[in-house]
Amino acid sequence: MDDTCFDLLCKDLSADEAKLVRKMMAEWSDGDENGFPVQFALLTRVQWRAAASVPRSVDQSREILERTFSEHRQHIIGFVKSFEEATEAKLQALEKSQTAQARQAGESVETLRSQLAEVRAVAKLMEGDLRTGAVEWHRAHQQFETERRKLDTALGAMNQYWDLQQLVFTGLLLLAACGIGLLIGHFVWR
């Protein structure tokens, strides 16, 4: 015989509990053992079982997380130790390099001092040449300004002559146009 939904509901119950459940179902509804009330009770029981398994799952997840965190902690400690060793080696190399550079810097300073003395001598010579050049430039600038003024004066005179020439030419064209107009008017009205 096939098990009904009611049989599944009563699966792990004692005989007295199954009897009580059967009585409750009979009172609750008159109907089939595979009907809604039985299926609803079966669904509720499954949900309760699922809810009862949640704390166990949470405990298992917590244990897994703790193990994972412990492993990560060990990895981080290893990384920090290797980083410290690498940093220490780099610091020692930097100290050696700094000592060598300090020695080279002392030698370079002496070389720079002698070159600086030479540069000062050349700078004094350049200063004299620059002063001479400044005087020459000032004189050339004065000459340029004088010539520019002469050119501006000549340009102004030429512009006046051009304006006068344009005025005369415009007047002659106007007279010629009037004369031609009078001649055409004279022959047309005649």
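Bear in mind the structure is a predicted one, so any value in this text is a computation, not a measurement.

## Concerning the overall build of the protein
In terms of helices and strands, the protein carries three helices and zero strands. For 190 residues, the compact-globule formula gives about 16 Å, and the C-alpha radius of gyration of the protein, at 58 Å, lies well above that figure. With respect to the three principal axes, the spread of C-alpha positions in the protein is 140 × 105 × 25 Å. For the protein, the accessible area works out to roughly 17100 Å², and carbon and sulfur atoms hold 64% of it. Averaged over its 23 positive side-chain charges, the protein has a centre that lies 10 Å from the centre of its 28 negative ones.

## Considerations on the nonpolar core
Formed by C5, L9, C10, A18, V21, A41 and L42, the largest nonpolar core amounts to seven residues. Looking at this core, the elements that each hand over two or more residues are α1 (5–9), α2 (15–28) and α3 (36–189).

## A look at the environment of T170
Its place among the elements puts T170 in helix α3. Sequence spacing of T170 and A105 is 65 residues, and the spatial spacing of their C-alpha atoms is 85 Å.

## Brief notes about the pattern of salt bridges
Enumeration according to the criterion identifies eight salt bridges in this entry. R113 is the salt-bridge partner of E110, the closest N and O atoms lying 3.1 Å from each other. Of this pair, E110 and R113 are both found in helix α3, three residues apart, which corresponds to roughly one turn of the helix. Given the relative accessible area of 48%, E110 is considered partly exposed. Overlapping salt bridges, with partners in common, bring together D59, R62 and E66 in one network.

## Here we look at the environment of V54
Turning to its location among the elements, V54 is positioned in helix α3. Taking the relative accessible area as the measure of exposure, V54 reaches 46% and is therefore partly exposed. C-alpha of V54 to C-alpha of H141: the two residues are 87 residues apart in sequence and 99 Å apart in space.

About the criteria used
- Residues numbered from 1 in each chain as written.
- Predicted model: local features only at pLDDT ≥ 70, side-chain atom pairs only at ≥ 80, totals over all residues.
- Heavy atoms only, no water.
- Helix = DSSP H or I, 4+ residues; strand = E, 2+ residues; numbered from the N terminus.
- Rg over C-alpha atoms; globule rule 2.2 N^0.38 Å.
- Areas by Shrake-Rupley, 256 points an atom, 1.4 Å probe, with all protein chains shown as cover.
- Lys, Arg positive; Asp, Glu negative; His and termini not counted.
- Charge placed at Lys NZ, Arg CZ, Asp CG, Glu CD.
- Core = buried A, V, L, I, M, F, W, Y, C linked by side-chain atoms within 4.5 Å.
- Buried < 20%, exposed > 50% of the residue type's maximum accessible area, 1.4 Å probe, protein only.
- Salt bridge = Lys/Arg side-chain N within 4 Å of Asp/Glu carboxyl O.

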